[in-house]
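Next come the chains, spelled out residue by residue.
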Amino acid sequence: MIVLALLAAAAQPQLRIVAEPPASVAAAEGGVTVFALNEGANEAEAVPAAMDIVTADQVPLRIVPVDPAPLRIAPGGFRALRYRIAPVRVAAPAPAAPVMASGETVVPTGQGQASGLLARFEPHAPVYGAFGLGSDGAKLQVSLAFRPFDGAGALDGVRLAWTQTMFWAIDRPSGPFRSTNYSPEVYYQRQVDDRIVAAAGYAHDSNGRDAGSIDVNRVFASASYVVPIGGDWRVEATPKLWTYVGTGYRDLDRYWGNMSLGGAIGQVDGLRIAASLRNPLGSHRAGELYVSYPLARTGIYLFGQAFTGYGEAIDDYALRSSSARLGVSFTR
């Protein structure tokens, strides 16, 4: 935990600025969260400004706010601010060559120089690899969201996301991947107030097959409500509602229902426990539990995952199963 007093409003004694230090430079490329906490009895104003931080692996970084507009913070409230690594202009090898565009991240590799707008990516669902005993096998997941119109006013809330979940039958001689879920999304999210972020959009889920294809299209709305409870601990509630559009999902709606309830409790740089319950009002429920803890100076988390209910994989949407796995995650 790093406590900083680098906002223009820090002269106000009731305002405390807390930055969540990223595990590494690579982790910081996905964005850095900074909290402005109003511990006074009166409303405070904060003006986001550039600041210097140190990553968990001791690399100094300068970060700048995504939105530098002043903001008001209610007494006893807080605001979560998004920061990114300050753009670095990369010098060209020859004086006549153009300079790289502001905001682009450039990485020299054995395949040549690679570059991209990496600061526009952010965590979505957890990225992890977890391994179980017997038929539980391994579960691997990759998930990222992208801000295509970053800093473009109202369009800044648009997100494109991709989640791919793979079930690896490591208990079998050939070690096949028995099922893969593909889940692209496009949605719009906006911070409603200090504690609530709301989102609405479209999600597609598929097993990616031609023969035996199962796919489902949904329009959804969700929100997250975060409450600090002291000692850098936070409690979070995340309800989500959806309706089905199009065809091709067979009777999957009987098993997935039309809502899910999520919750989490965790500490910055500490233990986090998260759970979700799908179709809580139906007879075909499914629950998933995540437990994670950062491994010091590694940039990764010790990660546990467990599931019980119907449809852990979309291929098995009508089958009831339970599993437990342990591994590592890179986001949580």
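Residues numbered from 1 in each chain as written. Predicted model: local features only at pLDDT ≥ 70, side-chain atom pairs only at ≥ 80, totals over all residues. Heavy atoms only, no water.

Caption draft 1: The arrangement of the overall build of the protein chain in detail. Check the secondary structure of the protein chain and you find two helices and 23 strands. Relative to the globule expectation of 20 Å for 332 residues, the C-alpha radius of gyration of the protein chain, 22 Å, shows essentially globular dimensions. Overall, the protein chain is about 60 × 55 × 40 Å in size when its C-alpha atoms are taken along their principal axes. At a minimum sequence separation of 6, the contacts of the protein chain that also span at least 24 residues come to 48%. As presented, the protein chain carries roughly 16,600 Å² of accessible surface, and 60% of it is formed by carbon and sulfur atoms. Positive and negative charge centroids in the protein chain, built from 28 and 29 side chains respectively, lie 2 Å apart. (Helix = DSSP H or I, 4+ residues; strand = E, 2+ residues; numbered from the N terminus. Rg over C-alpha atoms; globule rule 2.2 N^0.38 Å. Contact = heavy atoms within 4.5 Å. Areas by Shrake-Rupley, 256 points an atom, 1.4 Å probe, with all protein chains shown as cover. Lys, Arg positive; Asp, Glu negative; His and termini not counted. Charge placed at Lys NZ, Arg CZ, Asp CG, Glu CD.)

Caption draft 2: The environment of Ala-50, seen in detail. Relative to the helices and strands, Ala-50 resides in the loop between β4 (44-46) and β5 (51-54). We classify Ala-50 as partly exposed; its relative accessible area is 27%. Between the C-alpha atom of Ala-50 and that of Pro-68, which follows or precedes it by 18 residues, the distance is 9.1 Å. (Buried < 20%, exposed > 50% of the residue type's maximum accessible area, 1.4 Å probe, protein only.)

Caption draft 3: Broad picture of the pairing of β5. Covered by surrounding structure in β5 are Met-51 and Ile-53 only, the residues Asp-52 and Val-54 on the alternate face being uncovered. Bridge count for β5 against strand β6 (residues 60-65) is four bridges, and the pairing is antiparallel. Within β6, the residue paired with Met-51 across the bridge is Ile-63. (Pairing = 2+ DSSP bridges.)

Caption draft 4: Structural view of the pairing of strand β20 (residues 272-278). Examined bridge by bridge, strand β19 (residues 259-267) and β20 share seven bridges and lie antiparallel to one another. Bridge pairing links Ser-260 to Arg-278 in β20. Taken together, β19 and the strand that follows it, β20, pair antiparallel across an intervening segment of four residues, in which Asp-269 is found at a positive phi of about 60°. In terms of strand pairing, β20 meets strand β21 (residues 286-295) through seven bridges, oriented antiparallel. Bridged to Ser-276 within β21 is Glu-288.

Caption draft 5: Quick look at the environment of Ser-135. Mapped onto the elements, Ser-135 comes out in the loop between β12 (128-131) and β13 (138-146). Remark: the alpha-carbon pair of Ser-135 and Trp-168, spanning 33 residues in sequence, is separated by 9.6 Å.

Caption draft 6: Expanded view of the packing of aromatic side chains. Evaluated as defined, the whole model comprises 10 aromatic pairs. Summarising the aromatic geometry, the rings of Tyr-128 and Phe-303 are spaced 4.6 Å apart at their centres and angled 25° between planes, so their arrangement reads as stacked. Here Phe-303 lies in strand β22 (residues 300-310) and Tyr-128 lies in strand β12, a separation of 175 residues in the sequence. Taken individually, Tyr-128 and Phe-303 each receive the classification buried, so the pair is uniform in this respect. Considering the side-chain rings of Tyr-290 and Phe-303, the 5.6 Å spacing of their centres and the 35° angle between planes classify their relative orientation as tilted. Of this pair, Tyr-290 sits in strand β21 while Phe-303 sits in strand β22, and the two are 13 residues apart along the sequence. Every member of this aromatic cluster is reached through a ring pair, and the members are Tyr-128, Tyr-290 and Phe-303. Against the face of Trp-242 rests Arg-218, its NZ or CZ located 4.7 Å from the ring centre. (Phe/Tyr/Trp six-rings, centres within 6.5 Å; stacked < 30°, edge-to-face > 60°. Lys NZ or Arg CZ within 6 Å of the ring centre and 35° of its normal.)

Caption draft 7: Layout of the pattern of salt bridges. Inspection of every chain in the model, using the stated rule, returns 18 salt bridges. Residue Glu-43 pairs with Arg-72 through a salt bridge whose shortest N-O separation is 3.1 Å. Of this pair, Glu-43 sits in the loop between β3 (32-38) and β4 while Arg-72 is found in strand β7 (residues 71-73), placing the two residues 29 residues apart along the sequence. Since its relative accessible area comes to 45%, Glu-43 is described here as partly exposed. Each of the salt bridges in this network shares a partner with another, and the network as a whole consists of Arg-82, Arg-84, Glu-122, Arg-147, Asp-150 and Arg-159. (Salt bridge = Lys/Arg side-chain N within 4 Å of Asp/Glu carboxyl O.)

Caption draft 8: Geometry of the side chain of Lys-139. Relative to the helices and strands, Lys-139 resides in strand β13. The exposure class of Lys-139 is buried, given its relative accessible area of 3%.

Caption draft 9: Spotlight on the side chain of Ser-260. Topologically, Ser-260 is positioned in strand β19. On the accessibility criterion, Ser-260 (13% relative accessible area) is buried. Apart from the residues lying within four places of it in its own chain, the contact partners of Ser-260 are Thr-238, Pro-239, Lys-240, Trp-242, Leu-277, Arg-278 and Pro-280.

Caption draft 10: Examining the confidence of the model for the protein chain more closely. The pLDDT averaged across the protein chain works out to 88; a share of 92% of its residues lies at or above 70. Here residues 1-12 is a poorly scored stretch, pLDDT under 50, and it has 38 contacts once near neighbours within four places are set aside; other chains count. Overall, residues 89-102 carries pLDDT values under 50, and its contacts beyond four positions in sequence, including any with other chains, amount to 11 contacts. (pLDDT = per-residue confidence, 0-100.)

Caption draft 11: How the structure looks around the environment of His-284. Take His-284: it is sitting in the loop between β20 and β21. C-alpha separation for the pair His-284 and Phe-177, spaced 107 residues apart in sequence, amounts to 26 Å. Dropping the residues within four chain positions of it, His-284 is found in contact with Arg-254, Tyr-255, Asn-279 and Tyr-310. A distance of 3.4 Å separates the side chain of His-284 from the backbone oxygen of Arg-254, its partner in a polar contact. In this structure the side chain of His-284 is engaged in a polar contact, spanning 3.3 Å, whose partner is the side chain of Ser-283. (Polar contact = N/O pair within 3.5 Å; in protein donor to acceptor, adjacent residues only side chain to side chain.)

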